[in-house]
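Working through the structure, step by step
Listed below, chain by chain, are the residues.
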Amino acid sequence: MLLRNATIATMTGDRAYGLIEAGAVSFADGKIRWVGPESDLPAEFAETGEDMEGRLITPALIDCHTHIVFGGDRAGEFEMRLNGASYEEVARAGGGIVSTVTATRETSEDDLLADALTRADALIAEGVSVIEIKSGYGLDVDTELKMLRVARRVAASRDVRVKTSFLGAHAVPAEYKGRNADYIAEVCLPALEQAAEEGLADAVDGFCEGIAFSVEEIEPVFAKAKELGLPVKLHAEQLSNIGGTKLAAKYGALSADHVEYADESDAQALAGSGSVAVILPGAFYTLHETQLPPIEAFRKHGVPMALATDCNPGSSPLASLLLTMNMGCTLFRMTPEEALAGVTSHAAQALGLDDTGVIAPGNRADLAVWDVAQPAELAYRIGFNPLNRRIFGGEG
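Residues numbered from 1 in each chain as written. Predicted model: local features only at pLDDT ≥ 70, side-chain atom pairs only at ≥ 80, totals over all residues. Heavy atoms only, no water.

1. Some details on the domain arrangement of the chain
The assigned domain composition of the chain is domain 1 (2–59 + 357–391) and domain 2 (61–70 + 99–350). The gap between the C-alpha centroids of domain 1 and domain 2 is 29 Å. Facing the 25 residues of domain 1 at the interface are 23 residues of domain 2. Of the roughly 1700 Å² buried at the junction of domain 1 and domain 2 (both faces included), carbon and sulfur atoms supply 64%. Linking domain 1 with domain 2 are zero salt bridges, by the criterion used here. Applying the counting criterion to the domain 1 and domain 2 interface returns seven residue pairs in polar contact (both at pLDDT 80 or more). Put simply, the parts of the chain that give the side of domain 1 that touches domain 2 at least two residues each are strand E5 (56–59), strand E14 (367–370), helix H15 (376–380) and strand E15 (387–391). It is H15 that contributes the most residues to the side of domain 1 that touches domain 2, four residues altogether. (Domains from an automatic or database assignment. Contact = heavy atoms within 4.5 Å. Buried area = accessible area lost by both parts, 1.4 Å probe. Salt bridge = Lys/Arg side-chain N within 4 Å of Asp/Glu carboxyl O. Polar contact = N/O pair within 3.5 Å; in protein donor to acceptor, adjacent residues only side chain to side chain. Helix = DSSP H or I, 4+ residues; strand = E, 2+ residues; numbered from the N terminus.)

2. Considering the UniProt feature "binding site: 4-imidazolone-5-propanoate" (unreviewed entry) in the chain
UniProt's entry tags Arg74, Tyr137, His170, Gln238 and Ser315 with the feature "binding site: 4-imidazolone-5-propanoate" (unreviewed entry), counted in the numbering of this structure. Here Tyr137 shows up in the loop between strand E7 (128–134) and helix H5 (141–157). Leaving out residues up to four positions away in the same chain, Tyr137 has contacts with His67, Val69, Phe70, Ile97, Thr100, Val101, Thr104, Glu144, Met147, His170, Asn312 and Pro313. Checked against the element boundaries, His170 lands in the loop between strand E8 (161–169) and helix H6 (180–197). We classify His170 as buried; its relative accessible area is 8%. (UniProt positions renumbered as here; feature names shortened; annotations may be inferred. Buried < 20%, exposed > 50% of the residue type's maximum accessible area, 1.4 Å probe, protein only.)

3. Remarks on the state of the cysteines
What the rule picks out here adds up to zero disulfides. Among the cysteines around Cys188, which has no disulfide bond, Cys208 carries the closest sulfur, lying 13 Å off. (Disulfide = S-S within 2.5 Å.)

Okay, structure coming up:
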């Protein structure tokens, strides 16, 4: 197939957005064969082609941090808080992560899948071709594995790639309250071993924070991941700075996520490890946070920045990657080019993917065609989806 007469943001090279005006892209057998100015199109690729009428083509989008598999919802506690209830009062009423854990444990695999697909469909409708999905709302062996099986079924049910992350070290369940180390040893590590044995986990994640797990408590999880040959990621420096980002860098993590409280030394550590800083404005917005991630430090030290929805029932009930791009720009002063790289090339890097995220020969033909005149429009508009079509593996 040949798409011609298009503006193409390849997200490669030295030009802004890797932009090609009056461009064409050729692909076959699910792979990109050639991309460049239409005037340079080799004769061997000069099929009649399809006229894009000047539309913008980008790599298909990638949501590199989500929690879209979960039971129940937390709209009730959202309403309680807006009516003046404190977090403590919400918790006493059974709200918070405990309510999601309870609901997820009680929800069947089929019902979890049905709900997750509604969220996946919202992302796919915005040109998304890859979704990362975490476990972490089971906090027991059986439910953590159930969540990962559902994540695999999302990919089997839709034309989308799914990368799974085992997040057993997300919180401490009520039955282990005050016994974090026991929970890691007795539940998290055995669940991780079983997930790896069943091929359910593509990476291992954790929540390193004062309200979750310390650096010392996360380290055995990362050591086990290394033993199993699985890459690591980490929720780090979201609410305070306790050393999670440097731990992620020490283990060569694919990414450190949230990072609002990271500092320049953390940026230097990520730069040295090649890890991606995943920026999550949805949680910042929902929780009314005021501490901005150190965007300028990441720029200064050349740390790649990804953007993701963090779609989850509590702190970021956000299922729009386009809105996430706008929020990254308006809340954190990222540029529109950084935002688009954040949901394409850098998001691919945050998932360890080297065959997508940029438009280049040999990569998968995962593309998004937009009814816009320039790439900045994707981050500029609010609540508007200009997707014309999504091409997944050369089809669409």
